Amino acid sequence: PAGNYLGLDIDTTQLELAQDNITKAGVSAKVCLLHGDCTAMPLINGCIDVILCDMPFGKQYGSVEENILLYPQMLQEAARVVRPGGRAVLLTNCENEALMKEQVEPDGVQQQIGNWQFVAKYPFTLGYKMPTIIYFLRRVGQEDQLTDESGSSRRATDGGWQNIATSKGRLLWRKKWMKERAKMVSI
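Residue positions are given per chain, counting from 1 as you read along its sequence in written order. In keeping with the model being predicted, local features are shown solely for residues with a pLDDT of at least 70 and side-chain atom pairs are shown and tallied solely at 80 or more, while totals for entire chains, interfaces and linings include all residues. Values reported for side chains reflect all heavy atoms of the structure, with hydrogen atoms and water molecules removed beforehand.

A word on the pairing of strand β7 (residues 130-139). The classification of residues rests on relative accessible area computed with a 1.4 Å probe and restricted to protein chains. Under 20% of the type maximum is buried, over 50% is exposed, and intermediate values are partly exposed. Numbered from the N terminus, helices here are DSSP runs of H or I no shorter than four residues, and strands are runs of E no shorter than two. Counting buried positions along β7 gives seven out of 10 residues, so the element sits mostly inside the fold. DSSP calls a pair of strands paired once it identifies at least 2 bridges connecting them. In terms of strand pairing, strand β6 (residues 116-126) meets β7 through 10 bridges, oriented antiparallel. Note on β7: the bridge partner recorded for Pro123 is Ile133. Counting the residues between successive antiparallel strands, the hairpin from β6 to β7 contains three residues, one of them, Gly127, with a positive phi of roughly 65°.

And the structure:
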């Protein structure tokens, strides 16, 4: 899809591996990698439309106990750099579910917690053995006025996320995603 992409990691080895993948895929002109901390991103306020994050599970890096401090700080910093109406897709394992529930899931009365509106979560098994969850969140705030290539302003949209929390919405979103996603190619 059109756009520019930023990658951020605190681990320089991971950035080097990512750069190798970017180069092999031939997308170096569209992707910029930054060395930085997810709790203090070197970005201006509201400059990001979507964050995709494979959050530390607390296995290979850190621990579930360390995530008790990390996750709230990361979510607060993500809210700073994501524009109002923007989105976050966050991947974590089920061991962090209670922490994520506390941070982003409404209790039936609240529709939002902090700067994030809970949209949906999708549990699945990663690699046939690790229970994992993807969280879909929307940044709360006054909607942006966006400008397209011609200079005309338009309202920001939810990018097809409406009704994703319903089973019908998830099925429609999955069909849309399967139809519109880029074909996978060998590197």
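The next subject is the pattern of salt bridges. When a carboxyl oxygen of Asp or Glu lies within 4 Å of a side-chain nitrogen of Lys or Arg, that pair is called a salt bridge. Applying the stated rule across the entire model yields three salt bridges. For the salt bridge of Glu77 with Arg80, the shortest nitrogen-to-oxygen distance reads 2.6 Å. Taken together, the residues span about one helical turn, with Glu77 and Arg80 both in helix α2 (residues 64-81) at a distance of three residues. Glu77 sits in the buried class, given a relative accessible area of 10%. A relative accessible area of 27% places Arg80 in the partly exposed class. Glu97 is the partner of Lys121 in a salt bridge, and the nearest nitrogen-oxygen pair spans 2.7 Å. You can see Lys121 sitting in strand β6 and its partner Glu97 sitting in helix α3 (residues 97-104), a full 24 residues away along the chain.

Here we come to the packing of aromatic side chains. Two descriptors summarise a pair of aromatic rings, namely the distance from one centre to the other and the angle between the planes of the rings. Here the aromatic set is Phe, Tyr and Trp, taking the six-membered ring for Trp, and pairing holds for ring centres within 6.5 Å; pairs whose planes are under 30 degrees apart are stacked, those over 60 apart are edge-to-face, and all others are tilted. By the definition in use, this model includes one aromatic pair. Geometrically, the ring pair formed by Tyr122 and Phe124 is stacked, given 5.9 Å between the ring centres and 25° between the ring planes. Accessibility expressed as a relative area gives 44% for Tyr122, which makes it partly exposed.

With 23 residues, the main nonpolar core has Ile51, Leu90, Trp116 and Leu137 as its most contacted residues. The set of elements that each furnish at least two residues to this core consists of β3 (48-54), α2, β4 (82-93), α3, β6 and β7. The leading source of residues in this core is α2, at six residues. Ranked by size, the runner-up nonpolar core spans six residues in total, among them Leu91, Val119, Ile134 and Phe136. Residues belong to one nonpolar core when they are buried, are Ala, Val, Leu, Ile, Met, Phe, Trp, Tyr or Cys, and are joined through side-chain atoms within 4.5 Å.

Per-residue confidence for the chain averages 76 on the pLDDT scale, and 67% of its residues sit at or above 70. Considering only residues more than four positions removed or in separate chains, one finds that residues 144-170, a stretch of pLDDT under 50, has 43 contacts. Confidence per residue, as judged by the predictor, is encoded in pLDDT with a range of 0 to 100. The contact criterion used throughout is that any non-hydrogen atoms of two residues lie within 4.5 Å.

Note: strand β1 (residues 5-9) against strand β2 (residues 31-35), five bridges, orientation parallel. Bridging from a neighbouring strand, Asp9 pairs with His35 of β2.

On to the packing of α2 against α3. Contact geometry for α2 and α3: axes closest at 10 Å, N-to-C directions at 35°. For the pair α2 and α3, the crossing hand works out as right-handed. Contacts from Asn67, Ile68, Tyr71, Pro72 and Leu75 in α2 reach Leu99, Met100, Gln103 and Val104 in α3. Here the residues of the contact of α2 with α3 are counted per class, giving seven nonpolar, two polar and no charged. Lines fitted to C-alpha atoms define the axes here, with helix axes fitted over just the stretch in contact, and angles between the N-to-C directions of these axes take values from 0 to 180 degrees. Working rule for handedness: look at the near helix, and if it is turned counterclockwise from the far one by less than a right angle, call the crossing left-handed; if clockwise, right-handed. Side-chain classes follow a simple rule in which Ala, Val, Leu, Ile, Met, Phe, Trp, Tyr, Cys and Pro form the nonpolar group, Asp, Glu, Lys and Arg form the charged group, and the remainder, Gly included, forms the polar group.

Between the first and last residue of a helix there are one fewer steps than residues, each counted as 1.5 Å, and that sum is the expected span. Helix length check: helix α1 (residues 12-25), at 14 residues, gives a terminal C-alpha distance of 20 Å against a target of 20 Å (1.5 Å per residue), a fit within 8%. Two N or O atoms form a polar contact when they lie within 3.5 Å of each other; inside protein one atom must be a possible hydrogen donor and the other a possible acceptor, and for residues adjacent in sequence the pair counts only when both atoms belong to side chains. Backbone nitrogen of Thr13 and a side-chain oxygen of the N-cap are separated by 2.8 Å at the start of α1; the cap is Asp11. Of the residues trailing α1, Gly26 is marked for its positive phi of about 70°.

The next thing to look at is the environment of Gly141. Position of Gly141 relative to the elements: it lies in the loop between β7 and β8 (145-147). You can call Gly141 partly exposed: its relative accessible area is 38%. In sequence terms Gly141 and Gln117 are 24 residues apart; their C-alpha atoms lie 9.8 Å from each other.

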